[in-house]
Amino acid sequence: MSWSAKQYSMFEQQRTRPVRDLVAAIPTRDVKTAIDLGCGPGNSTEVLAERFTDARMTGLDSSEDMLSDARQRLPALTFELADIGRWNPPQTYDVILANASLQWVPDHAHLYPRLVNRLNPGGSLAVQTPDNLEEPAHRLARDIAANGPWADKIASVRHPDRHPAAYYFELLQPHCAEVDVWRTTYHHPLAGGHAAVVEWFKGSALRPYLQKLDENEQQAFLDTYLEAISQAYPALGDGTVLLPFPRLFIVAVR
Ligand SMILES: C[S@@+](CC[C@H](N)C(=O)[O-])C[C@H]1O[C@@H](n2cnc3c(N)ncnc32)[C@H](O)[C@@H]1O
């Protein structure tokens, strides 16, 4: 399963809330150039563009499907197909935003300082990554991957490493004038209940598993996952599930 803008955007309102909180915390004032790394369908780029109305704004993503939606949504902006892991532009920026994208890119020890190096003095790197690898949604996916008839195909699937707040603080501090790190747990209300929790993760965390399975296996994996999710997340009286979602935020000023 490659990235699908349609699947991802089913929960756009909830997924965009952290972007608003992140962009509001950027201290850089005079912003002429900004880029959104892993811009997805343009929801995060739109928030950035609303805050820095005079900036030359670019969105970058490795998925054509996402870029196609982003271009339709924000036709006046520039969108590029590229891999963040190899991104090494000749120019520098006043703001580099990466909302919910760097968790898909390995080797943060080199990646984050490299991104800071692409900032102008006084510029900001603003990053939000889900901090949920130990939440039931991820734990159950790993368990089901390791214990189903598909184990030989997907038991070894792992998301790239993520690290605690102190790791990023110590990594960035030598390169930056200021580093601000915080962690928030959102409680996203999903009116569709447990089925909606499955749909949410189908659009993101489950992709590495599902893309290695055939159609029948995908359906069986999702059925098993729904059953497990229904046990792990209590529903409210009207069936809504309040999905706890911890997220780590970093704003680093060069
Ligand atoms: C969870 S979505 C985030 C979308 C948007 N930034 C938001 O705030 O909702 C992650 C995006 O990162 C992109 N992505 C993942 N790995 C990437 C990589 N190595 N290079 C560029 N984009 C990548 C995906 O295509 C996807 O659009």
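Look up: the structure comes first, before these words.
Residues numbered from 1 in each chain as written. Predicted model: local features only at pLDDT ≥ 70, side-chain atom pairs only at ≥ 80, totals over all residues. Heavy atoms only, no water.

Peer 1: I would appreciate a short explanation of the nonpolar core in the present structure.
Peer 2: Side chains of a nonpolar character, in soluble globular proteins, are inclined to be buried together. Formed by 29 residues in total, the largest nonpolar core has its most connected members in I154, F201, L206, Y209, F221, Y225 and L243. If you list the elements that add at least two residues to this core, you get α6 (136-147), α9 (193-202), α10 (207-210), α11 (215-232) and β7 (241-253). Contact partners of Y225, with chain neighbours within four places excluded, come to A137, L140, A141, I144, V198, F201 and L206. Ranked by size, the runner-up nonpolar core spans 25 residues in total, among them I96, L248, I250 and A252. (Core = buried A, V, L, I, M, F, W, Y, C linked by side-chain atoms within 4.5 Å. Buried < 20%, exposed > 50% of the residue type's maximum accessible area, 1.4 Å probe, protein only. Helix = DSSP H or I, 4+ residues; strand = E, 2+ residues; numbered from the N terminus. Contact = heavy atoms within 4.5 Å.)

Peer 1: Can you walk me through the sheet that holds strand β4 (residues 93-99) in this structure?
Peer 2: Strand pairing within a sheet occurs via backbone hydrogen bonds; the two strands may be parallel or antiparallel. One open sheet accounts for seven strands, arranged β3-β2-β1-β4-β5-β7-β6; its pairing is mixed. Either end of the sheet is taken by a strand with one partner, and the two such strands are β3 (78-81) and β6 (178-190). Across the sheet, the mean angle separating the axes of adjacent strands is 15 degrees when strand polarity is ignored. The sheet contact formed by strand β5 (residues 119-130) and β7 spans seven bridges and is antiparallel. Across the sheet, the residue bridging to Q128 is F249, located in β7. Sheet contacts for helix α2 (residues 12-24): β4, β5, β6 and β7; angle to β6, the most-contacted strand, approximately 155 degrees. Seen against the sheet, α9 touches β6 and β7 and runs at an angle of roughly 30 degrees to β7. (Pairing = 2+ DSSP bridges. Axes fitted to C-alpha atoms, helices over the stretch in contact; angles between N-to-C directions.)

Peer 1: For this particular structure, what's the right way to read the site of the ligand?
Peer 2: Neighbouring the ligand are 20 residues; Y8, G38, D61, I84 and N99 lie closest to it. Here G38 contributes a backbone N or O atom positioned 2.7 Å from a nitrogen atom of the ligand. One of the backbone nitrogen or oxygen atoms of S62 is found 3.2 Å away from a nitrogen atom of the ligand. When the ligand is considered free in solution it has 600 Å² of accessible area, and contact with the protein chains removes 95% of it. Of the residues that constitute the shell around the ligand, the class distribution is ten nonpolar, eight polar and two charged. (Near = heavy atom within 4 Å. Polar contact = N/O pair within 3.5 Å; in protein donor to acceptor, adjacent residues only side chain to side chain. Areas by Shrake-Rupley, 256 points an atom, 1.4 Å probe, with all protein chains shown as cover. Nonpolar A, V, L, I, M, F, W, Y, C, P; charged D, E, K, R; others polar.)

Peer 1: Explain the environment of S62 to me, please; I cannot follow it from the model alone.
Peer 2: Checked against the element boundaries, S62 lands in the loop between β2 (56-61) and α4 (64-73). When the C-alpha positions of S62 and H188 are compared, they lie 27 Å apart, and in sequence the two are 126 residues distant. Beyond its immediate chain neighbours, meaning those up to four positions away, S62 contacts L81 and A82.

Peer 1: Would you take a moment to explain the environment of L213 for this structure?
Peer 2: With respect to the secondary-structure elements, L213 resides in the loop between α10 and α11. With 63 residues separating them in the primary sequence, L213 and W150 have C-alpha atoms 7.6 Å apart. Every residue in contact with L213, bar those within four places of it in the chain, is listed here: W150, K153, I154, Q218 and F221.

Peer 1: It is not clear to me how α11 should be interpreted in this structure. Could you clarify?
Peer 2: Count 3.6 residues to each turn of an α-helix, and residues three or four apart come out pointing the same way. In a regular helix each residue adds 1.5 Å, so 18 residues correspond to 26 Å; α11 covers 25 Å between its end C-alpha atoms and thus fits that length. Every buried residue of α11 is listed here: E217, Q218, F221, L222, Y225, A228 and I229. The buried residues of α11 occupy one face: seen down the axis, they fall within an arc of 130 degrees. Residues of α11 that are exposed and point more than 90 degrees away from the buried face comprise N216 and Q231. Considering only its buried residues, α11 is in contact with α6, α7 (151-154), α9 and α10. (Expected span 1.5 Å × (residues − 1). Arc of directions from axis to C-beta.)

Peer 1: Would you explain α6 in this entry?
Peer 2: Under the 1.5 Å per step criterion, the end-to-end length of α6 is 16 Å for twelve residues, consistent within 8% with the ideal 16 Å. Along α6, the positions that sit buried rather than exposed are P136, A137, H138, L140, A141, R142, I144 and A145. Of the surrounding elements, those touching the buried residues of α6 are α7, α9, α10 and α11.

Function cannot be inferred from these measures alone, as they are strictly geometric.
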